[in-house]
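An overview of the molecular structure
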Amino acid sequence: MIADQATRTRLIEAASKAIDDGGVQSVRIREICKAAATHAPSVYYFFGDLQGLINAAQANRYLRGANTLEKTFADAVYDCKSKNDFTKVAHKLLAEIFSRKRASARAVRVSVLGSAQSEKDLAKVVCTAQDVSNKTMSDALLFAQAKGWVKDDFDTLMFRLWLIGMINGRVLIELDGPHPKEKEWDVMATRTVCQLLGIPEPCGRKRLHK
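So, here's what we can say about the structure. Note that this is a predicted model, so its numbers are computed, not measured. (Residues numbered from 1 in each chain as written. Predicted model: local features only at pLDDT ≥ 70, side-chain atom pairs only at ≥ 80, totals over all residues. Heavy atoms only, no water.)

1. Concerning helix α7 (residues 103-118)
We count it as follows: Only runs of H or I of at least four residues qualify as helices and only runs of E of at least two qualify as strands under DSSP, and these elements are numbered from the N terminus. Helices are assigned an expected span. That span is 1.5 Å times one less than the residue count. Think of it in three bands: with a 1.4 Å probe and only protein chains considered, a residue is buried below 20% of the maximum accessible area for its type, exposed above 50%, and partly exposed in between. Arc definition: directions from the helix axis to the C-beta atoms. Residues are treated as being in contact if the distance between any of their heavy atoms lies within 4.5 Å.
For α7, spanning 16 residues, the distance from its first C-alpha to its last is 24 Å, which sits close to the expected 22 Å at 1.5 Å a residue. Within α7, burial applies to A105, R106, V108, R109, V112 and A116. Seen along its axis, α7 keeps its buried residues to an arc of 160°; they face one direction. More than 90 degrees from the buried face of α7, the exposed residues found are S104, Q117 and S118. Those residues of α7 that are buried are in contact with α4 (50-63), α6 (83-97), α8 (120-147) and α9 (156-169).

Following this line, the structure appears as structure tokens:
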């Protein structure tokens, strides 16, 4: 079972890299199997066909890095002892998810979502993968609500989905490279999240440009 999972993971990673390098059209079973050190029957065993592998790779690209980030956030929340501790953890997460260095990850997510609009099988695979990711953060926020560290007048799962939309929306000011007023966007986004959660804004982000 462990060996099977390892083979499946190698196939997904190899297909993800192929899409990164040359687009979906560059995913070919022979090359992918060679890169994953396996054989063609494995593709059909795990994914049904080539399109199934592509969909799995696209879902992987969509969430690449996000699952680790969210697990790190959740683990830190469960270790918190006070609202002040939680606030620091939330501020650190916001600084990371809105950072310029994650621009390429945001662009990939938007690209995958665009494809999923017309490819229903891909949409199902992405939604299934997203459900797991959503639960990690929403459960951590439920824990924070139970502790009284954040407001309890919102649904944590819907908050998580709304936050994803806001994060992906930053692509609009990144299409042509870094925007000269990107910090303004960060301030507004961070302020909105903090107000919804009911926590203070980070120091030094109290005022918008006038």
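And the narrative resumes.
2. What to know about the packing of aromatic side chains
Our working rule: Between the rings of Phe, Tyr and Trp (Trp by its six-membered ring), a pair exists once the centres lie within 6.5 Å; its type follows the angle of the planes, with under 30 degrees stacked, over 60 edge-to-face, and the other angles tilted.
Within the structure shown, the criterion is met by eight aromatic pairs. The interplanar angle of 75° and the centroid separation of 5.8 Å between the aromatic rings of F143 and W149 together place this pair among those described as edge-to-face. Judged by its relative accessible area of 24%, F143 falls in the partly exposed class. A relative accessible area of 8% means that W149 is categorised as buried.

3. Thoughts on the environment of I97
On the secondary structure map, I97 appears in helix α6. Since its relative accessible area comes to 7%, I97 is described here as buried. Here the alpha-carbon distance between I97 and K151, two residues 54 residues apart in the chain, equals 21 Å. Not counting chain neighbours up to four residues away, the residues in contact with I97 comprise L69, R102, R106, L163 and I167.

4. Regarding the packing of helix α5 (residues 66-79) against α6
For the record, the criterion: Each axis is a line fitted through C-alpha atoms, and for a helix only the stretch in contact is used; angles between axes span 0 to 180 degrees, taken between their N-to-C directions. Note on terminology: angles under 35 degrees are roughly parallel, angles over 145 are roughly antiparallel, angles of 65 to 115 are roughly perpendicular, and the others are oblique. Each residue gets one of three labels, nonpolar for Ala, Val, Leu, Ile, Met, Phe, Trp, Tyr, Cys and Pro, charged for Asp, Glu, Lys and Arg, and polar for the others, Gly among them.
Two numbers describe how α5 lies on α6: the axes approach to 9 Å, and their chain directions differ by 170°. Judged on the interaxial angle alone, α6 and α5 are roughly antiparallel. Across the interface between the two elements, L69, F73, A76 and V77 of α5 pack against F86, V89, A90, L93, E96 and I97 of α6. A class-by-class count of the residues in the contact of α5 with α6 yields nine nonpolar, no polar and one charged.

5. Examining the pattern of salt bridges
What counts here: We define a salt bridge as a side-chain nitrogen of Lys or Arg found within 4 Å of a carboxyl oxygen belonging to Asp or Glu.
Across all of its chains, the model carries 14 salt bridges by this definition. In this structure, the salt-bridge partner of K101 is E96, at a minimum N-O distance of 3.4 Å. Residue classification places K101 among the exposed residues on the basis of a relative accessible area of 62%. For R170, the salt bridge goes to D186, with nearest N and O atoms at 3.0 Å. Here D186 lies in helix α10 (residues 182-197) and R170 lies in the loop between α9 and α10, a separation of 16 residues in the sequence. For D186, a relative accessible area of 4% puts it in the buried group. Salt bridges linked by common partners bring R100, R106, R170, E174, E182 and D186 together as one network.

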